[in-house]
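A structural walkthrough
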Amino acid sequence: MHTQITHLLALWASLPQIVRTVVWILIITIGVILCVAFLTLWERKVIGWMQLRRGPNRVRIFGMLPGLGQPFADVFKLLTKEVVVPSAASKFLFRIAPALALIPAIAAWAVIPLSPQLVVSKANAGLLYLLALSSMGVYGIILAGWSANSKYALLGAMRSAAQMVAYEIAMGFALVGVLMAAGSMNLGQIVQHQQGGFLAWNWFWLFPLFVVYLIAGVAETNRAPFDVAEGESEIVAGFHVEYSGIAFALFFLAEYANMILISTLTAVFFFGGWLSPFAGYPGIGHTFLGDPSFFWLGLKVFVFLFLFLWFRATFPRYRYDQIMRLGWKALIPVTLVWIGVEMIMAAIHIGPWARPWFH
Amino acid sequence: MLVEILFYIFATLLVAGALGVITARNPVYSVLFLVFCFVNSAAIWLLVEAEFLAIVLVLVYVGAVMVLFLFVVMMLDINLAEIRQGFTRFAWLGWITALAVIAEITGVIWRNGLGGVDVGRGFVSEPANYSNTLELGRVLYTHYAYPFELAAVLLVVAIVAAIALTLRRRPGLKVQDISRQVAVRAEDRLRVVKVSAEKRS
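Residues numbered from 1 in each chain as written. Chains lettered and ligands numbered in written order. Predicted model: local features only at pLDDT ≥ 70, side-chain atom pairs only at ≥ 80, totals over all residues. Heavy atoms only, no water.

**Regarding the layout of surface pockets**
Here the largest pocket is characterised by a volume of approximately 1900 Å³. Along the walls of the largest pocket sit 42 residues, with Leu-128, Val-176 and Leu-179 of chain A together with Phe-52 and Tyr-141 of chain B positioned nearest its centre. Looking at the lining of the largest pocket, the elements that each hand over two or more residues are helix H5 (126-147) and helix H6 (151-182) of chain A together with helix H3 (51-75), helix H6 (132-141) and helix H7 (145-166) of chain B. Of all the elements, H6 of chain A adds the most residues to the lining of the largest pocket, at nine residues. Residues that form the lining of the largest pocket fall into these classes: 30 nonpolar, eleven polar and one charged. (1 Å grid on protein atoms, 1.4 Å probe; cavity = no way out; pocket = protein on both sides within 12 Å on 5 of 7 lines; lining within 4 Å. Points joined across faces, edges and corners; volume = space filled by probe spheres on them. Helix = DSSP H or I, 4+ residues; strand = E, 2+ residues; numbered from the N terminus. Nonpolar A, V, L, I, M, F, W, Y, C, P; charged D, E, K, R; others polar.)

**Things to note about the packing of helix H2 (residues 17-50) of chain A against helix H11 (residues 245-270) of chain A**
All names here are of chain A. It is the contact of H2 with H11, at a shortest axis distance of 9 Å, that shows an interaxial angle of 95°. Here H2 is positioned roughly perpendicular relative to H11, judged by the angle of their axes. Residues Val-32, Ile-33, Cys-35, Val-36, Leu-39, Thr-40 and Glu-43 of H2 touch H11, and the partners they reach there are Phe-252, Leu-253, Tyr-256, Ala-257, Met-259 and Ile-260. Here the residues of the contact of H2 with H11 sort into eleven nonpolar, one polar and one charged. (Axes fitted to C-alpha atoms, helices over the stretch in contact; angles between N-to-C directions. Parallel < 35°, antiparallel > 145°, perpendicular 65-115°, else oblique. Contact = heavy atoms within 4.5 Å.)

**A closer look at helix H2 (residues 27-47) of chain B**
All names here are of chain B. Relative to the 30 Å expected for 21 residues at 1.5 Å per residue, H2 spans 30 Å between its end C-alpha atoms, a close match to the ideal helical length. Between the side-chain oxygen of the N-cap and the backbone nitrogen of Val-28 there are 3.0 Å, and the N-cap of H2 in question is Asn-26. Two residues or fewer after H2 comes Glu-49, characterised by a positive phi angle close to 65°. (Expected span 1.5 Å × (residues − 1). Polar contact = N/O pair within 3.5 Å; in protein donor to acceptor, adjacent residues only side chain to side chain.)

**Section: the pattern of salt bridges**
Residue and element names in this part refer to chain A. All chains considered together, the criterion is met by nine salt bridges over all chains. For the salt bridge of Arg-312 with Glu-43, the shortest nitrogen-to-oxygen distance reads 2.8 Å. Of the two residues, Arg-312 is situated in helix H12 (residues 294-314) and Glu-43 in helix H2; the sequence distance between them amounts to 269 residues. Glu-43 sits in the buried class, given a relative accessible area of 2%. The network of salt bridges with shared partners includes Glu-43, Arg-223, Glu-255 and Arg-312. (Salt bridge = Lys/Arg side-chain N within 4 Å of Asp/Glu carboxyl O. Buried < 20%, exposed > 50% of the residue type's maximum accessible area, 1.4 Å probe, protein only.)

**Regarding the side chain of Glu-51 of chain B**
By secondary structure assignment, the location of Glu-51 of chain B is in helix H3. The charged side chain of Glu-51 of chain B is buried without a salt bridge, its nearest counter-charge being Arg-138 of chain B at 13 Å. Dropping the residues within four chain positions of it, Glu-51 of chain B is found in contact with Asn-124 and Ala-125 of chain A together with Leu-46 and Asn-132 of chain B. (Lys, Arg positive; Asp, Glu negative; His and termini not counted.)

**Here we look at the packing of aromatic side chains**
Counted under the stated rule, the structure contains 29 aromatic pairs over all chains. Ring centres of Trp-146 of chain A and Tyr-29 of chain B lie 6.3 Å apart, and the angle between their planes is 75°; this geometry places the pair in the edge-to-face category. Pair noted here: Trp-146 of chain A is in helix H5 and Tyr-29 of chain B is in helix H2, and the two residues belong to different chains. Through a chain of ring-to-ring contacts, three or more aromatic side chains come together here, namely Trp-201, Trp-203, Phe-204, Trp-205, Phe-207, Phe-210, Tyr-213, Phe-269, Phe-270, Phe-271 and Phe-304 of chain A. (Phe/Tyr/Trp six-rings, centres within 6.5 Å; stacked < 30°, edge-to-face > 60°.)

**Brief notes about the confidence of the model for chain B**
Residue and element names in this part refer to chain B. Averaged over all residues, the pLDDT of chain B equals 83, while 87% of them reach at least 70. Per-element averaging of pLDDT across chain B places helix H4 (residues 80-84) at the bottom with 65 and H7 at the top with 92. Scored by ipTM, the complex comes to 0.80, with pTM at 0.84. (pLDDT = per-residue confidence, 0-100.)

**Brief notes about the packing of H6 of chain A against helix H9 (residues 207-220) of chain A**
Residues and elements named next belong to chain A. Two numbers describe how H6 lies on H9: the axes approach to 9 Å, and their chain directions differ by 150°. Relative to H9, H6 is oriented roughly antiparallel. Here H6 and H9 pass one another in a crossing that is left-handed. Two secondary-structure elements touch here, H6 through Gln-163, Met-164, Tyr-167, Glu-168, Ala-170, Met-171, Ala-174, Leu-175 and Gly-177 and H9 through Leu-209, Val-212, Tyr-213, Ala-216, Gly-217, Ala-219 and Glu-220. Split by residue class, the contact of H6 with H9 holds eleven nonpolar, three polar and two charged. (Left-handed = near helix turned anticlockwise from the far one by under 90°.)

**Some thoughts on the environment of Leu-173 of chain B**
Its place among the elements puts Leu-173 of chain B in the loop between H7 and helix H8 (178-182). It is 44 Å that separates the C-alpha atoms of Leu-173 of chain B and Leu-93 of chain B, two residues lying 80 residues apart in sequence.

**Observations concerning unusual backbone geometry**
Residues and elements named next belong to chain A. Positive phi outside glycine occurs at Leu-52, with the angle close to 60°. Its location among the elements puts Leu-52 in the loop between H2 and helix H3 (70-79). Residue Leu-52 is classed as exposed on the basis of its relative accessible area, which comes to 80%. Backbone geometry places Asn-222, a non-glycine residue, at a positive phi of 60°.

Here you go:
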C-alpha cells in the first residue's frame, strides 16, 4: 500500500508542469462547482430554519440526510429544460453572456493560496489580478440585460452596472489598505505577513476596511440587501428575466461562485487565510491546532458564507438611491480616512508596521 | 517560439477587433469590440512581462471606463441612418486625420528610435524575482514624483470641471433627502396611544 502511494507520487512528480497545472485547475474548478451546489442547499436550509421552516427535505441521496440530493435534482431539472432565446435578442451576446459572468468567478481562483503549498499561480500582482477579474464580471450581467431586448432586463443591467462601478472603488481602496499593511501584492505573502495569531491578522488594525470590504463584497455579488439588479418585486428578475434552463443556472452558478470567492478573499485579506488563530500563543499554539492548514481557511470561508445567508434572511432590500449613497458617501470616505490613519501608523511603526520586513 | 506564436495570434485579434470597432453597425457592438481590443493589447503587454500595465489596462479601461461607455451607449436612442448620412461627405477628413496620426508616429520613431530596444537582439526577459510593480512605483514616486502629482491634480480639475459643467438644478424637482430620512426617529412619527379597554356589555 505504502509503495503504491510513493509510486503514485513519483508518477505525479514526473508529469510535465503544464499537465500538473491543468489537473489542479480541474480539481479546483470542480471543487468550486460542488461547493456552489451544496451552498445553494445550505442557503435554503439556513433561511428555512431562520423562518421556522424545514427547507428542502424530500430528495435524498444514498438514503442520507433529507434534502441532500436537492442541488442535483435542481441541476438535472434545469439541464433538461429548453433554453429559450427571444426572437428579438442579439443571439450571439445572449448566448455568450452567462459564460462571461461565470469565467471571471472561476478564473480568480488561480492566484488564491488554499494552503501554504497549494496555489496554482504565485503571481506577484495577484491582488491586482483579482481586482481586474472582479471588475470584468459585470460584463456578463450588462450584456445579458442588453441582449435580451427586454426593458426589465435592461433596467436590471443598468442598475447593476452603476452599483458595481460604485462599490468597486470602495473595494479597491480597502485593498489598498491591505496592500499597505502587507507590503506585497502576492496573496501568499499577504497571508504570511499576518502570522502571529488571531490578533495579528489584518482585521484588528484595519477593522473599518474589513467592514467596508465585506459590505462592498455583498454589493458586488448582487446579494441581498443589495440585489436591486434582480429586484423581483420591481423588475421581475432583472437582467436574467429572459433566461431559462441551464443558461439561467449559469448565472446562478456565477453568483454563488462569486460569493465563495468574496468569502475566501475576506479570509485571505483580513483573517489570515490558512493561518491558525492559535498560532503563537503558548500551550495551544504548539499543538496541531497551531499549524497552518487548508482547514482553517475552509472554516473561515464557511463563517463568511453563513454571514451572506444571514444577511439575506435578515435585511430588507435597499432602495436604489440609498445604495448609491452608501457606496459613494459612506464607504469611500471611510476607506480614505483609514488609509490616512494607516499612514500615521506606518510612520510611528505600530501594528503590522512594527514587523521586521518594514525596517 | 511560443511567445512569437502567441504574439501573432493576439496581434491579429487586436487588429481584427480594431476593424470591428469602426465597421460595426451597432454602437454597442463597437464598444464591445473596443473592449476586445483592450483585452488583446493587455495580453500582448503580458507577453513582454509588463504585467502591471497589462492588469491595470484591464482593471481601469475594461473594468471601469468601458462599463460606463456601455452604460451610456445602451441608453442612447440612435437613428443609424441619420448618423451614416454624412459618411461619404466627411470621409476625406477622416483620411487626412488618420494619415496625419500615422505620419506623426512614424516621425517620432524615425527621430528617437525605439527607446533603446535593439530589434535585432530581441526581447530580454528579466530575472524571476523582478517585480514590475515595485520598479514602476520606485520610479514614479521618486524621479517622476512631481509630474505624477501634477497629472493627478490635472485629473481632479477635469473631474470638477466636468461635474460643474453638467450639474444643473431643476426647480420643483421632487427628491428625497436621505439624510433627513435616515435621521427620523420613532418618537417624531409615531405616537403610542393608551386606550382604556371597554367594559364588556
